[in-house]
Amino acid sequence: MWQSMNQAVDFRPVPLPCTAAEARQRGITAYALATHERFGQIFRGIWVDSESLTDVPTPHWADHQWLGTWMRMTGIRMLYPDLAADHLTAARLYGLPLPSRISDKNVHVAAASRNLRINRPGLVVRRPMTLATEWIELLGMPLVTIPRVIATLAPLFSLNELVTAGDAAIGKHAGGPYITRDRLREEIAALPRVAHRRRVQKALTLMRETVDSPKESWLRLWLIDSGFREPVVHPAVYSRLDDCMLHPDLGYPELRIAIEYEGDHHRFSPAQYAQDIRRKELFEAEGWVLLRVAKKCDLASFAKRLRHYIAKRSPSH
């Protein structure tokens, strides 16, 4: 069954794949395809022309890796139009965060027909887990459903990596939410075969639907792994000074402790820096303490400070 999913899109110039026959129709010789640097072969019989670009709809968050994955999927579907993106390829097209250690560059696809046989370098063909597998259409590209993606990632991912991918799938930062956590749990439970099912089930209990970024997921899970109670994601803090609601990344509302991950843009943008100063003032005016964590933060020192404030603000203190 096909489902269509809306996305906020931009239009970006991308070289569209073509077959050798289509290239000939454009007056491009086989010799030119084989020797000219402007042409690249992405699969046997499928080429791209780096100097011939077409504006195509892409998610507003898409990066170069997304565009490359989309281009290769578009190319292989010119030969096999019934294929859908699967596994790591589907995860990339959904915008789910993948660990940097994952170096697999293959295109992973699912074939609706169990009789289809394809043997091509760089292509991994998988069969549907069930005959009732639903395909999602994302900007015209068929992808297997999020539950299947999460299930197939389990053998490759640690528990926290699965949680981070799940946070993205049920959250907003990759154009979602694509699915609710309850629906994700139900559909994974209905799959007949899930490797590392216990890990997936544990990950489901730790996924949260309002996470904005992988760094927020990392910080929340690091706090839990470090022995802290799980913080609230985006607690609401009313600022009387500016008559607005503040939503820190994480926090302990009963203790009035806010925690935020600070990316590089906070350091390099004067406007962002000024906003951060004002934001800290607003929290402090409401009796909150705001703690920040950066990429190269001394986590041992941060943990010590956090324990200090938790102890200081606990009712028994």
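Above this text sits the structure in question.
Residues numbered from 1 in each chain as written. Predicted model: local features only at pLDDT ≥ 70, side-chain atom pairs only at ≥ 80, totals over all residues. Heavy atoms only, no water.

(A) The packing of helix α7 (residues 181-190) against helix α8 (residues 197-206), seen in detail. Axis separation between α7 and α8 bottoms out at 10 Å; the angle between their running directions is 170°. The angle between α7 and α8 falls in the class roughly antiparallel. Residues Arg 181, Leu 184, Arg 185, Ile 188 and Ala 189 of α7 pack against Arg 197, Val 200, Leu 204 and Thr 205 of α8. When its residues are assigned to classes, the contact of α7 with α8 shows 5 nonpolar, 1 polar and 3 charged. (Axes fitted to C-alpha atoms, helices over the stretch in contact; angles between N-to-C directions. Helix = DSSP H or I, 4+ residues; strand = E, 2+ residues; numbered from the N terminus. Parallel < 35°, antiparallel > 145°, perpendicular 65-115°, else oblique. Contact = heavy atoms within 4.5 Å. Nonpolar A, V, L, I, M, F, W, Y, C, P; charged D, E, K, R; others polar.)

(B) Layout of the sheet that holds strand β13 (residues 250-252). The strand order β10-β13-β14-β15 describes an open sheet built from 4 strands, whose pairing is mixed. With partners counted over all chains shown, the strands left at the sheet margins are β10 (232-233) and β15 (289-294), one partner each. Of the pairings in the sheet, the one linking strand β14 (residues 257-262) to β15 comprises 6 bridges and is parallel in character. Residue pairing across strands places Tyr 261 opposite Val 293, the latter belonging to β15. This element, helix α9 (residues 214-225), spans β10, β13, β14 and β15 of the sheet and lies at about 130° to β14. On top of the sheet, helix α12 (residues 299-313) reaches β13, β14 and β15; it is set at about 165° to β15, its chief contact. (Pairing = 2+ DSSP bridges.)

(C) Summary view of the nonpolar core. Core analysis: the biggest nonpolar cluster contains 62 residues, and Tyr 94, Leu 96, Ile 146, Ile 150 and Leu 184 have the highest contact counts within it. For Leu 184, the residues in contact, after removing those within four places along its chain, are Ile 146, Pro 147, Ile 150, Ile 170, Ile 179, Leu 204 and Met 207. Membership of the second largest hydrophobic core comes to 18 residues, among which are Trp 222, Leu 250, Leu 255 and Ile 257. (Core = buried A, V, L, I, M, F, W, Y, C linked by side-chain atoms within 4.5 Å. Buried < 20%, exposed > 50% of the residue type's maximum accessible area, 1.4 Å probe, protein only.)

(D) Layout of the pattern of salt bridges. This model, assessed by the stated rule, comprises 17 salt bridges. A salt bridge links Asp 49 to Arg 38; the shortest N-O distance between them is 2.5 Å. Residue Asp 49 is located in strand β4 (residues 46-59), and its partner Arg 38 is located in the loop between α2 (30-35) and β3 (39-43); the two are separated by 11 residues in the primary sequence. Judged by its relative accessible area of 5%, Asp 49 is buried. Arg 279 is the partner of Glu 260 in a salt bridge, and the nearest nitrogen-oxygen pair spans 2.6 Å. Within this pair, whereas Glu 260 is found in strand β14, its partner Arg 279 is found in helix α11 (residues 270-285), the two being separated by 19 residues in sequence. For the pair Glu 260 and Arg 279, a shared accessibility class is recorded, and that class is buried. Here the residues in one salt-bridge network are Asp 167, Arg 208, Arg 220 and Glu 230, joined through shared partners. (Salt bridge = Lys/Arg side-chain N within 4 Å of Asp/Glu carboxyl O.)

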